[in-house]
Amino acid sequence: MACMKLGSKSDAFQRQGQAWFCTTGLPSDIVVEVGEMSFHLHKFPLLSRSGVMERRIAEASKEGDDNCLIKISDLPGGDKTFELVAKFCYGVKLELTASNVVYLRCAAEHLDMTEEYGEGNLVSQTETFLNQVVLKSWKDSIKALQSCDEVLEYADELNITKKCIESLAVRASTDPNLFGWPVVEHGGPMQSPGGSVLWNGISTGARPKHTSSDWWYEDASMLSFPLFKRLITAMDSRGIREDIIAGSLTYYTRKHLPGLKRRRGGGPEASGRFTTPLSSGSVLSEEEQKHLLEETEELLRMQKGLVPTKFFADMLRIAKILKASPSCVANLEKRIGMQLDQAALEDLVMPSFSHTMETLYDVDSVQRILDHFLSTDQIMPADVGSPCSSVDDGNVMGSPQLITPMTAVAKLIDGYLAEVAPDVNLKLPKFQALAASVPEYARLLDDGLYRAIDIYLKHHPWLAETERENLCRLLDCQKLSLEACTHAAQNERLPLRIIVQVLFFEQLQLRTSVAGCFLVSDNLDGGSRQLRSGGFAGGSTEGGGGGWATAVRENQVLKVGMDSMRMRVCELEKECSNMRQEIEKLGKTTKGGGGGGGSGSGSKTWFGIKLKSHQMCSAQEGSVSKSNSENVKIEKLKDVKERRGKHKKASSISSER
């Protein structure tokens, strides 16, 4: 700690209860009361150093009062500072430190202790110490700025606060590795002029570790928020990076708001350097916490990715508990919405703090957050096709920069829906509205949405059949995986219409897959024939006969697999035929309600399943490469049999006649 000793006499002051006495052998002729403390002193040492004391003593002498009593109620620093001032007037050794120099400087100005009343007076001594010692050190500047808090009005008038803030801002904006601080000031190892670490004054040859850009977070967090805010503003004006400023704000807020959990990810909180718990005296009141939260939200810039989404989610929870202003809550929801694709599920699962306690979770807040996300520039362009067209080829159309955040948000919302679905108080319109807010193209698969709907139906068994059907209309059965289709086909909670759709599209997927396998098999057959003819023509292939034998063996294995696949397809075709007959029967019964009607522009609606004409063709005829020719042969055989039957019948009749 930097310090400076003034004077040369030994300590001649003694305290007795709430009074100080100067033991110089002479009786006291003046009593100075500062607050609740009395100082029994002598007039001459005081008036020889202080213009205020000189005038007050002169006024008391004119009144003819031998026992001079002077009361000072507004002295900066109070009785403790006046004790040091009195000792300075008596020439007692006085130690100036970064912790007391601000009080002494303000008290000296208040008492008019200038050079006019003695050379090397307290004003000049404290001013010199501030400029030449305190402001040249980061640690001392922090301590001096902390002491400004109690005498802020006087410190501002004397520009002490501004000088300390400017000194700190300069050092925070400069790379500490260039000057070796604040490593030395934090108690780190001393360095030699060459930069190596010293041990007992001996160079070890080891190089010191580089200091990260967040080295000042902990020191700055010890300031009161008004001073911290002024410091951050000064740092921002000096061009310090926005992420560093935002990091200091988040660190300060997490330290002083008990409700905010410390982040377990990267950053300064996880480095292990800033784990000292706050003392009980540092805990803010509820009103101060609310003020700190609202001020921090205003100071942070509205920029995506500058602050983790988890921090904003934690702040939103605390804002609702502390009943922060509606504008603060709305801005926090907007900030979360801007970077919703970076959020985790636990960030959205917030309990409801409403007095009505309608639901266990704050679904309305998540709905607003999602709306903010959708209203940003991450919305899909208008030329993107329907969900079917975007998934038919196994990939998603559009720009990856736009699809990826939206896909992540869709997965996040589906997970949130599954999390809140067991809440029996969650009304169907809220659940349905949140699920429908996600654009159809954002979900590459509807497995997550299906899981959420299944959980909701399980915990809301009293829903009517129409409500179940309306909810399940959110599902796109074409975007369910085979596992989800298998589960849905056996799910008794789903409406019958949905189960039929699932079964149909499950078979459609199988037929499409089998068609692809047949195409591969045909290509392999052609390739093996070419390889076989080439092998006989050329005698042997390059690399010996082992490659030929392996190719033949693999081809045989594939053929066996294709044969079993063809048998399975035949079985599925029989099942599909039976299903089609059942559907046609149901369609006839519901024909009056428009269930079996068609739609324009080349599309058909079949039992609630909207299909384009080319999809129906691909489902009925185009899945197996050889099915068309086989069907033609079968039809021809049927015609021949019918003709033969008619001919035999006619011949038998003629013979009977």
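Residues numbered from 1 in each chain as written. Predicted model: local features only at pLDDT ≥ 70, side-chain atom pairs only at ≥ 80, totals over all residues. Heavy atoms only, no water.

Enquirer: Hey, could you run me through the overall build of the protein chain in this one?
Expert: If you tally the helices and strands in the protein chain, you get 26 helices and twelve strands. In the protein chain, which comprises 657 residues, the proportion classed as buried is 41%. Across the protein chain, every contact between residues at least 6 apart in sequence was considered, and the portion connecting residues at least 24 apart equals 68%. When the accessible area of the protein chain is evaluated, it comes to approximately 35600 Å², of which 54% is carbon and sulfur surface. (Helix = DSSP H or I, 4+ residues; strand = E, 2+ residues; numbered from the N terminus. Buried < 20%, exposed > 50% of the residue type's maximum accessible area, 1.4 Å probe, protein only. Contact = heavy atoms within 4.5 Å. Areas by Shrake-Rupley, 256 points an atom, 1.4 Å probe, with all protein chains shown as cover.)

Enquirer: It is not clear to me how the sheet that holds strand β3 (residues 19-22) should be interpreted in this structure. Could you clarify?
Expert: Each strand in a sheet pairs with its neighbour through backbone hydrogen bonds, running either in the same direction (parallel) or in the opposite one (antiparallel). Within the open sheet, the five strands sit side by side as β2-β3-β5-β4-β6. Their pairing is mixed. Two strands in the sheet have a free side with no partner beyond their single neighbour: β2 (13-16) and β6 (68-72). Averaged over all pairs of adjacent strands, the angle between strand axes in this sheet comes to 20°, irrespective of strand direction. With four bridges connecting them, β2 and β3 associate as antiparallel partners. By the bridge assignment for β3, Q16 is matched with A19. Where helix α2 (residues 51-62) meets the sheet, its contacts fall on β4 (30-34) and β6, and the angle it forms with β6 comes to roughly 135°. Here helix α3 (residues 78-89) sits on the sheet and contacts β2, β3, β4, β5 (37-41) and β6; the angle it forms with β5, its principal contact strand, is near 10°. (Pairing = 2+ DSSP bridges. Axes fitted to C-alpha atoms, helices over the stretch in contact; angles between N-to-C directions.)

Enquirer: So what exactly am I meant to see when it comes to the environment of G305 here?
Expert: By secondary structure assignment, the location of G305 is in the loop between α12 (286-299) and α13 (309-321). With 34 residues separating them along the chain, G305 and Q339 place their C-alpha atoms 6.8 Å apart.

Enquirer: Mind showing me how you'd approach the side chain of Q289 here?
Expert: Along the chain, Q289 turns up in helix α12. For Q289, a relative accessible area of 12% corresponds to the buried category. Among residues more than four places away in sequence, those in contact with Q289 are H256, L257, P258, L284 and L322.

Enquirer: What is the right way to read the side chain of T250 from this model?
Expert: Mapped onto the fold, T250 is located in helix α11 (residues 242-256). We classify T250 as buried; its relative accessible area is 10%. Residues contacting T250, with those up to four places away along its chain left out, are V307 and F311.

Enquirer: Even after reading the chapter, I still don't get the packing of helix α6 (residues 138-148) against helix α8 (residues 160-172), so can you show me in this structure?
Expert: Here α6 crosses α8 at 145°, and the two axes come no closer than 9 Å. The two elements α6 and α8 cross, and the hand of that crossing is left-handed. Of α8, the residues touching α6 (which contributes W138, S141, I142, A144, L145 and C148) are I160, T161, C164, I165, S167, L168, R171 and A172. A class-by-class count of the residues in the contact of α6 with α8 yields ten nonpolar, three polar and one charged. (Left-handed = near helix turned anticlockwise from the far one by under 90°. Nonpolar A, V, L, I, M, F, W, Y, C, P; charged D, E, K, R; others polar.)

Enquirer: Please explain helix α21 (residues 465-472) as it appears in this structure.
Expert: An α-helical turn contains 3.6 residues, so any two residues separated by three or four positions project in the same direction. Within α21, burial applies to R468, L471 and C472. The arc that holds the buried residues of α21, viewed along the axis, is 95°, so those residues lie on one side. (Arc of directions from axis to C-beta.)

Enquirer: Just to check I follow, could you spell out α8 for this structure?
Expert: Taking 1.5 Å as the rise per residue, α8 with 13 residues should run 18 Å; its terminal C-alpha atoms sit 18 Å apart, in good agreement. Of the residues making up α8, those classed as buried are I160, T161, C164, I165, S167, L168, A169, R171 and A172. In this structure, the buried side of α8 is in contact with α4 (101-110), α5 (122-132), α6, α7 (152-157) and α10 (225-237). (Expected span 1.5 Å × (residues − 1).)

Enquirer: Even after reading the chapter, I still don't get the packing of aromatic side chains, so can you show me in this structure?
Expert: Remark: the centre distance and the inter-plane angle together describe each pair of aromatic rings, the angle taken between the planes. Tallied over the entire structure, the rule returns nine aromatic pairs. Plain terms: the ring middles of Y217 and Y251 are 6.2 Å apart, the flat faces sit at 40° to each other, and that makes the pair tilted. With Y217 in helix α9 (residues 217-220) and Y251 in helix α11, the pair connects residues that are 34 residues apart, well separated along the chain. One exposure class covers both Y217 and Y251, and it is buried. (Phe/Tyr/Trp six-rings, centres within 6.5 Å; stacked < 30°, edge-to-face > 60°.)

Enquirer: Honestly, the environment of L135 in this entry has me stumped. Any pointers?
Expert: Here L135 lies in the loop between α5 and α6. The exposure class of L135 is buried, given its relative accessible area of 14%. Taking C-alpha positions, L135 is 9.0 Å from E166, a pair spaced 31 residues apart along the chain. Apart from residues no more than four positions distant in its own chain, L135 is found in contact with L130, S141, K163, C164, S167 and R171.

Everything listed here is a matter of geometry and, on its own, says nothing about what the molecule does.
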